[in-house]
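# Analysis of the macromolecular model
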Amino acid sequence: QVQLVESGGGLVPAGGSLRLSCTVSGGTFSSYVLGWFRQAPGNEREFVAAIRRSGSYTIYADSVKGRFTISRDNAKNTAYLQMDSLNPEDTAEYYCAAQARYYLTRLANEYNYWGQGTRVAVSS
């Protein structure tokens, strides 16, 4: 079974930074497109960022572009989301997701493996 485990969430003041990690086991990490999504209470799950299998290309939601950076280390089976200049609107549960069926996609229903989530809270 493919498993994804996120870590690195926490409470941070506005303007601060966090780095989330996602470690994948039970599959071939380099074969997966990796994505990050987030969901605030009462809101729909929204796309944040995704990275190609090789790590050579990335896409971002407009709301985080220029502040967040997605990366991956295939040797460590780990993906990262570096979050800078955080604001209270970034408060959400953040989920790592993986899929090997498509090229880069922003659609949550096209990712078939998901982590348990890690909570990010940004105080104002």
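In this report, we go over the structure that sits alongside the text.

Calculation notes
Residues numbered from 1 in each chain as written. Predicted model: local features only at pLDDT ≥ 70, side-chain atom pairs only at ≥ 80, totals over all residues. Heavy atoms only, no water. Pairing = 2+ DSSP bridges. Helix = DSSP H or I, 4+ residues; strand = E, 2+ residues; numbered from the N terminus. Axes fitted to C-alpha atoms, helices over the stretch in contact; angles between N-to-C directions. Disulfide = S-S within 2.5 Å. Buried < 20%, exposed > 50% of the residue type's maximum accessible area, 1.4 Å probe, protein only.

### A short note on the sheet that holds strand β7 (residues 68-73)
The antiparallel open sheet is built from 4 strands, whose spatial order is β1-β3-β8-β7. Of all strands in the sheet, those bounded by a partner on one side alone are β1 (3-7) and β7. Strand-to-strand twist of the sheet, defined as the mean angle between neighbouring strand axes without regard to direction, takes the value 15°. Examined bridge by bridge, β1 and strand β3 (residues 18-25) share 5 bridges and lie antiparallel to one another. For E6, the partnering residue across the bridge sits in β3 and is C22.

### A closer look at the state of the cysteines
Following the criterion strictly, the structure yields 1 disulfide and no others. Note on cysteine connectivity: C22 is disulfide-linked to C96, with sulfurs 2.1 Å apart. Taking the sign of the S-S torsion, -80° for the link of C22 and C96, the bridge is left-handed. Of this pair, C22 sits in strand β3 while C96 sits in strand β9 (residues 92-99), placing them 74 residues apart in sequence. Considered together, C22 and C96 belong to a single accessibility category, that of buried residues.

### Details of the pairing of strand β8 (residues 78-83)
Most of β8 is tucked away: 5 of the 6 residues are buried. In this sheet, β8 lies alongside β3 in antiparallel orientation, the contact comprising 6 bridges. In the sheet register, L20 faces β8, and the bridge partner there is L81. Where β7 lies against β8, 6 bridges are found, and the strand directions are antiparallel. The residue bridging I70 from the neighbouring strand is L81, located in β8.

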